[in-house]
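Each chain, written out:
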Amino acid sequence: MKYTQLGRTGLKVSRLVLGTMNFGPQTDEAASHGIMDSALGAGINFFDTANVYGWGENKGRTEEIIGSWFAKGEGRRDKVVLATKVYANMGTDGEVWPNHDKLSALNIRRAVDASLKRLQTDHIDLYQFHHIDRDTPVEEIWQAIDVLIQQGKILYAGSSNFPGWKIAQTNETARRLGSYGLVSEQCLYNLAERRAEMEVIPAAQEYGLGVIPWSPLHGGLLGGVLKKENEGSRRASGRSADALANTSVREKVQAYEDLLDKHGLEPGEAALAWLLTRPGVTGPIVGPRTAEQLQSALRAVELELNEEVLTSLDDIFPGPGPSPEAFAW
């Protein structure tokens, strides 16, 4: 496994991030524990989750699965850089109660304590804002975060799904208050969805945030979906099915799969390897449902894409270009 610094921090993290969103809803506890053991054994030390994972009436279940894995001991917790998130309403039984969501100081305090209990740990290494909060002043958010840092409950703060201007506003406010500020941004970024290159990634680089792409295969679109369809092994669903309904997108995906087949490359592994070449990227989040999917992701770390492949990928999936040139002269 290869490692890098998380943004401007001294924290060393693996270049693949283990995403745990499938733990609970799609992968049972025993299999989830097996995947985490395999990931740790392969050198992945960066695990990402969120308080809401488990979804529906099972919100928090994913954190509980990770917590029961930590409870097995043998240095598991000490070896992991643990990241979770706060924002979504955690009410159950259809109950939506005031102050149980978003980023008020009250909810942040409540959510941290609940996550720590589910995760069976005394601290969270990276506490991420899952979405911007349009109602809570940034000053209030940093006041709450600084208290948690002083209490030793969290070490760093990060953002997720923030636009470039919000990254700038949040870190300029932190600078004015003497807070350390955001150290990471988790955003939707892959070959088929490159809008983050316009402003989000430049803002993250300017302020020293590590970029953590989620959905690196764009919901399976970049994982060989057409070949799987033709073989009858799996049909597209969700984001990839919606995208393939567009003839232009389908043609691009076919060209992508043909290119990689010509070079003897697996589409999913190549899509991850491409992200690892991108400026500012710490590491993509891989969310395996099975041990086999984890092994495929691990191969991407050692995969070197030559210039011909990289140029051809840009031709098939061109980026938006920098701001403001992307939309102005």
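The structure under discussion appears in the preceding block.
Cut-offs applied
- Residues numbered from 1 in each chain as written.
- Predicted model: local features only at pLDDT ≥ 70, side-chain atom pairs only at ≥ 80, totals over all residues.
- Heavy atoms only, no water.
- Core = buried A, V, L, I, M, F, W, Y, C linked by side-chain atoms within 4.5 Å.
- Buried < 20%, exposed > 50% of the residue type's maximum accessible area, 1.4 Å probe, protein only.
- Contact = heavy atoms within 4.5 Å.
- Helix = DSSP H or I, 4+ residues; strand = E, 2+ residues; numbered from the N terminus.
- Polar contact = N/O pair within 3.5 Å; in protein donor to acceptor, adjacent residues only side chain to side chain.
- Salt bridge = Lys/Arg side-chain N within 4 Å of Asp/Glu carboxyl O.

Caption draft 1: Quick look at the nonpolar core. By size, the foremost hydrophobic cluster in this structure holds 74 residues, and its most contacted members are Leu18, Ile108, Tyr127, Phe129, Ile145, Tyr256 and Leu305. With residues near it in sequence (within four places) discarded, tyrosine 127 still touches Thr84, Lys85, Val86, Ile108, Ala111, Val112, Ile145, Ile154, Tyr156, Ala157 and Gly158. Ranked by size, the runner-up nonpolar core spans twelve residues in total, among them Leu6, Ala83, Tyr156 and Val183.

Caption draft 2: Representation of the side chain of glutamate 269 in the model. With respect to the helices and strands, glutamate 269 occurs in helix H11 (residues 267-276). Classification of glutamate 269 by relative accessible area gives buried; the value is 11%. A distance of 3.2 Å separates a polar atom in the side chain of glutamate 269 from a polar atom in the side chain of serine 296. Apart from the residues lying within four places of it in its own chain, the contact partners of glutamate 269 are Ser296, Arg299, Ala300 and Leu303.

Caption draft 3: Region of interest: the pattern of salt bridges. Summed over the entire model, instances satisfying the criterion amount to 18 salt bridges. Here aspartate 48 and lysine 85 are joined by a salt bridge, their closest N and O atoms 2.8 Å apart. Here aspartate 48, found in strand S4 (residues 46-48), pairs with lysine 85, found in strand S5 (residues 81-86); they are 37 residues apart in sequence, far enough to count as distant. Side by side, aspartate 48 and lysine 85 carry an identical accessibility label, which is buried. Of the charged contacts, one joins lysine 262 and glutamate 308 as a salt bridge, the two residues approaching to 3.8 Å between their closest N and O atoms. A residue pair is termed long-range when its members are at least 10 positions apart, and lysine 262 in helix H10 (residues 247-262) and glutamate 308 in helix H13 (residues 307-316) qualify at 46 residues. Taking relative accessible area as the criterion, lysine 262 reaches 63% and is therefore assigned exposed. Judged by its relative accessible area of 44%, glutamate 308 is partly exposed. Salt bridges linked by common partners bring Arg194, Glu197, Arg278 and Asp314 together as one network.

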